[in-house]
Amino acid sequence: MADINSVVLSGRLTDEPKLHYVQRNTDESVAVCRFVLATEDTYGRTSFIPVIIWRHYAEAVANYVSKGQEVIVVGKIQSRQDKEKTRTFIEIHAQEVKFGAKSGANSNGSENI
């Protein structure tokens, strides 16, 4: 049986997306976009999920989404440890982001980046 690592979440951005670049080689930098998604379960509990997008898609998402905006994220769960290996972080690495109305907007449609 093959392993499956797939997740779909919907919610709102808690802050403006943060775009930065990491140096991969001496001649290559890679775009990384990060934001936190607030999502509520059926019991009314809110979870704050870190989302990461890579490369050219990161730049597109950073230019189109903003704080408070509704989004649907399709991706995979990935864990990483800090340098001291004392803490483990769970993050969603997005493969697709569909975005809806911005906070306070009257738009009913959603778009796909």
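Residues numbered from 1 in each chain as written. Predicted model: local features only at pLDDT ≥ 70, side-chain atom pairs only at ≥ 80, totals over all residues. Heavy atoms only, no water.

**Q** Give me the lowdown on the pairing of strand β6 (residues 88-99), citing residues and values where you can.
**A** In the sheet, strand β4 (residues 46-54) pairs with β6 via 2 bridges, with the strands oriented parallel. Its bridge partner being in β6, I52 is matched across the sheet by H93. Inspection of the sheet shows strand β5 (residues 70-81) paired to β6 by 11 bridges, in the antiparallel sense. Looking across to β6, one finds that R80 is bridged to F89. (Pairing = 2+ DSSP bridges. Helix = DSSP H or I, 4+ residues; strand = E, 2+ residues; numbered from the N terminus.)

**Q** Explain helix α1 (residues 55-64) to me, and be specific about the residues and the numbers.
**A** Looking at α1, one finds that the buried residues are A58, V61 and A62. With its buried residues spanning 100° around the axis, α1 presents them on a single face. Exposed positions of α1 whose direction lies more than 90 degrees from the buried face are H56 and N63. (Buried < 20%, exposed > 50% of the residue type's maximum accessible area, 1.4 Å probe, protein only. Arc of directions from axis to C-beta.)

**Q** I'd like a rundown of the packing of aromatic side chains, residues and numbers included.
**A** Each aromatic ring pair is characterised by the separation of its centres together with the angle its planes make. Enumeration over the complete set of coordinates arrives at 1 aromatic pair. Consider the rings of Y64 and F99, whose centres lie 6.1 Å apart with planes at 25°: the pair is stacked. Separated by 35 residues along the polypeptide, Y64 in helix α1 and F99 in strand β6 bring together distant segments of the chain. By relative accessible area, which is 8% here, F99 ends up buried. (Phe/Tyr/Trp six-rings, centres within 6.5 Å; stacked < 30°, edge-to-face > 60°.)

**Q** Give me the lowdown on the environment of R24, citing residues and values where you can.
**A** Position of R24 among the secondary structure elements: in the loop between β2 (18-23) and β3 (29-40). Contact partners of R24, with chain neighbours within four places excluded, come to S29, V30, W54 and R55. (Contact = heavy atoms within 4.5 Å.)

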